[in-house]
Amino acid sequence: MQVYLVGGAVRDKLLGRPVKDQDWVVVGASEADMLAQGYQQVGKDFPVFLHPKTQQEYALARTERKTGQGYAGFECDTSTSVTLEQDLLRRDLTVNAMAMDDKGNIIDPFNGQQDLQNRILRHVSDAFEEDPLRVLRVARFAARYASYGFTIAEETKTLMANITQSGELSHLSAERVWVETAKSLLEDTPQVYFETLRECGALKVWFPELDCLWGIPNPAKWHPEIDTGIHSMMVLEQSVRVSNKLSVRFAALVHDLGKGLTPPEEWPSHRGHEKLGLAPINALSERVKVPNDCRDLALLMSEFHSHVHHAFKLKPATINDFLDKCDVWRKPERFADLLLACTADAKGRTGFEEHDYPNADYIWQAYLVAKEVNVQEIVQAGYKGAEIKQQLRQKRIHAIAANVA
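Positions within a chain are numbered from 1, following the residues in the order the chain's sequence is written. Per-residue local features of the predicted model are confined to residues with pLDDT of at least 70, and side-chain atom pairs are confined, for both listing and counting, to 80 or more; whole-chain, interface and lining totals are unaffected and use all residues. Side-chain measures were taken over the full set of non-hydrogen atoms in the model, leaving aside hydrogen atoms and water.

**As for the overall build of the protein chain**
Scanning the protein chain for helices and strands turns up 20 helices and 11 strands. Each principal axis of the C-alpha distribution contributes one length, and for the protein chain these read about 80 × 50 × 40 Å. Burial analysis of the protein chain (405 residues in total) assigns 50% to the buried set. Any pair of residues with heavy atoms lying within 4.5 Å of one another is described as a contacting pair. The contacts in the protein chain between residues at least 6 apart in sequence include a share of 64% that link residues at least 24 apart. Computed with a 1.4 Å probe, the accessible areas rest on the Shrake-Rupley method; for each residue, only the protein chains presented here act as cover. By element, 48% of the accessible surface of the protein chain is carried by carbon and sulfur atoms, the whole surface being about 19000 Å². Under the convention used here, Asp and Glu are negative, Lys and Arg are positive, and both His and the chain ends fall outside the count. Taken as the charge centre is NZ of Lys, CZ of Arg, CG of Asp or CD of Glu, depending on the residue. Within the protein chain, one finds 47 positive and 56 negative side-chain charges whose respective centroids are separated by 6 Å. Here a helix means four or more residues in a row that DSSP labels H or I, a strand means two or more in a row labelled E, and each is numbered from the N terminus. For every residue, the accessible area obtained with a 1.4 Å probe (protein chains only) is divided by the maximum for its type, and the residue is called buried under 20%, exposed over 50%, and partly exposed between those limits.

Below you can see the structure in the form of structure tokens.
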């Protein structure tokens, strides 16, 4: 029985990146051997065991044979005769197909170290095409390591396009698509994930509402970058600078989906795109099982980002009603996240990246002064029922007018 550190831990050690998770492969052992040593078996598709002390994952070396559609359509062999090299051969990328023994020696049968040095993400073998999930995984790795100068090998891009054209992507579960997407959104360059998917045609399969934005123009006066798809990627890029929250980054990504519904004869104007965006955001969120907090912030962002962009032109009554619609009184943290996403939107335009955005502070100050209105004083003054709500609104509008507007 031999144990090797494998995959991402080896890759990141060699890159000098912090190693978060350690995965191990066990060669020459059976399930019975592992259980006898106190390991706890987990995993439904193939045997994975938790170390009795460290709780790290140990998997039996295995080979895979394609037997059906999708990423789960495989038959695994975990017999004691499976070698380390056979196990590494089934992995997705050469930089993920290295192992390290207990003496620190690197086992690298597929030249992963050379690809690390050359900053190339390259598939290990043609078996790459058998697992459609790898299209999303490679796009995620591209997003994670873009800042290190990594690019995807052209021959790997070809296989990713082949998988897309085969229709295999549609057999992925929505949950798996969201897991890869959420992880990518939290990387330092999440826009690379979506750009990579678009390049191989995969974006159209799972994110058609986003894919259609490329080629749709915006007014050059406000959007020097013109293209709505490019703008969406720029906004996502800027969202990384303002927040590490998944919900903020998702809202930034999908805030302009309504522009995909503008009739071409009306381009480059997009009147009403704010509310038009609600339906495609809901459709996309349902398709890939987006969490409620991400979806809800995205819906607010779509409907009200123009309010924030036009903040200094809004009447106090309009600002108050906007605050009401956003339910800021009960959910101030979500409203603060909305303003962060709006900041990313304003800065996600060519030439505006370093501009100040006072609109967010202006609207937040309006909320703060309106929040100070004491509803108990209104009640104590003798108002009842609907009168309380009416008086509260009037006093909040007056506070906004006196202190902000």
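**A closer look at the packing of aromatic side chains**
Classification of ring pairs rests on two measures: the distance between centres of Phe, Tyr or Trp rings, Trp counted by its six-membered ring, which must be within 6.5 Å, and the angle between planes, read as stacked under 30 degrees, edge-to-face over 60 and tilted in between. This model, assessed by the stated rule, comprises 15 aromatic pairs. For the pair tyrosine 145 and tyrosine 148, a centre-to-centre distance of 5.9 Å together with 65 degrees between the ring planes defines the contact as edge-to-face. The partly exposed category is assigned to tyrosine 148, whose relative accessible area is 29%. Here the aromatic rings of phenylalanine 304 and phenylalanine 322 are separated by 5.4 Å at their centres, their planes lie at 50 degrees, and the arrangement is tilted. Note that phenylalanine 304 is positioned in helix H15 (residues 292–309) and phenylalanine 322 in helix H16 (residues 316–325), a separation of 18 residues in sequence.

**What to know about the state of the cysteines**
Any two cysteine sulfur atoms within 2.5 Å of one another count as a disulfide. Applying the stated rule across the entire model yields 0 disulfides. Cysteine cysteine 294 shares no disulfide, and the gap to the nearest cysteine sulfur, in cysteine 342, comes to 16 Å. Judged by relative accessible area, cysteine 294 falls into the buried class, the value being 1%.

**Some details on the layout of surface pockets**
Residues are called lining when one of their atoms sits within 4 Å of a cavity or pocket point, these points coming from a 1 Å grid over the protein atoms alone, where a cavity is a set in which a 1.4 Å probe fits but cannot get out and a pocket is an open set with protein on both sides within 12 Å along at least five of seven lines. Grid points are joined across faces, edges and corners, and a volume is the space filled by probe spheres set on the points. Considering only enclosed or pocket space, the second largest pocket measures out at about 730 Å³ in volume. Around the second largest pocket, the lining comprises 27 residues; the ones closest to its centre are Trp222, His223, His309, His310 and Arg349. Within the residue set of the lining of the second largest pocket, elements represented by two or more residues are helix H13 (273–276), H15 and helix H17 (332–347). Its residues assigned to classes, the lining of the second largest pocket shows 6 nonpolar, 13 polar and 8 charged. Classification convention: Asp, Glu, Lys, Arg as charged; Ala, Val, Leu, Ile, Met, Phe, Trp, Tyr, Cys, Pro as nonpolar; all other residues, Gly among them, as polar.

**A closer look at empty space enclosed by the protein**
One pass over the structure, following the stated rule, counts 1 cavity of 30 Å³ or more. When its volume is computed, the largest cavity comes out at roughly 30 Å³. Forming the walls of the largest cavity are Ile152, Lys157, Met160, Thr196, Glu199 and Cys200. Among the elements of the structure, helix H6 (154–166) and helix H8 (191–199) are those that each provide at least two residues to the lining of the largest cavity.

**Section: the pairing of strand E5 (residues 57–60)**
Any two strands with at least two DSSP bridges between them are considered paired. Examined bridge by bridge, strand E2 (residues 23–27) and E5 share 4 bridges and lie parallel to one another. The residue bridging valine 25 from the neighbouring strand is alanine 59, located in E5. Sheet topology places strand E4 (residues 48–50) next to E5; 3 bridges connect them, and they run antiparallel. Residue pairing in the sheet places leucine 50 in a bridge with glutamate 57 of E5. Linkage of E4 to E5, two consecutive antiparallel strands, is achieved through a turn of 6 residues, within which glutamine 55 is found at a positive phi near 65 degrees.

**Side note on the pairing of E2**
When you tally the buried positions in E2, you get 4 out of 5 residues, the bulk of the element. Sheet analysis places strand E1 (residues 2–6) next to E2, joined by 5 bridges and oriented antiparallel. Across the sheet, glutamine 2 pairs through a bridge with valine 27, a residue of E2.

**Comments concerning the pattern of salt bridges**
One speaks of a salt bridge when a side-chain nitrogen belonging to Lys or Arg is within 4 Å of a carboxyl oxygen belonging to Asp or Glu. Per the counting criterion, the structure on display carries 24 salt bridges. Notably, a salt bridge pairs aspartate 256 with lysine 259, separated by 3.1 Å at the nearest N-O pair. Among the charged side chains, a salt-bridge network with shared partners connects Arg11, Asp12 and Arg17.

**Section: the packing of helix H11 (residues 228–242) against H17**
The convention used is that axes are lines fitted to C-alpha atoms, helices contributing only their stretch in contact, and that angles between N-to-C directions extend from 0 to 180 degrees. Interaxial distance between H11 and H17 falls to 8 Å at its minimum, and their mutual angle equals 130 degrees. When the axes of H11 and H17 are compared, the pair comes out oblique. For the element pair H11 and H17, the recorded crossing hand is right-handed. Across the interface between the two elements, His231, Val235, Gln238, Ser239 and Val242 from H11 touch Leu340, Thr343, Ala344, Asp345 and Lys347 from H17. For the contact of H11 with H17, the per-class residue count stands at 4 nonpolar, 4 polar and 2 charged. Orientation is classified from the angle alone, with under 35 degrees giving roughly parallel, over 145 giving roughly antiparallel, 65 to 115 giving roughly perpendicular, and any other angle giving oblique. Crossing handedness is defined as follows: a turn of the near helix away from the far one that is anticlockwise and smaller than a right angle gives a left-handed crossing, while the clockwise case is right-handed.

**Remarks on the sheet that holds E5**
In space, the 7 strands of this open sheet follow the order E3-E4-E5-E2-E1-E8-E9, with mixed pairing throughout. Because the sheet does not close on itself, it has two edges, and the strands there are strand E3 (40–42) and strand E9 (106–107). Seen against the sheet, helix H1 (residues 8–15) touches E1, strand E8 (99–100) and E9 and runs at an angle of roughly 55 degrees to E1.

**Some details on the UniProt feature "binding site: Mg(2+)" (unreviewed entry) in the protein chain**
UniProt positions are given in the numbering used here, feature names are shortened, and annotations may be inferred rather than shown by experiment. UniProt tags Asp21 and Asp23 as "binding site: Mg(2+)" (unreviewed entry). Take aspartate 23: its relative accessible area is 36%, and that puts it in the partly exposed class. Setting aside residues up to four positions removed in sequence, aspartate 23 forms contacts with Tyr4, Leu5, Val6 and Glu57.

**So, H1**
For H1, the complete set of buried residues consists of Ala9, Val10, Arg11, Asp12 and Leu15. Following H1 by one or two positions, glycine 16 adopts a phi angle in the positive range, close to 80 degrees.

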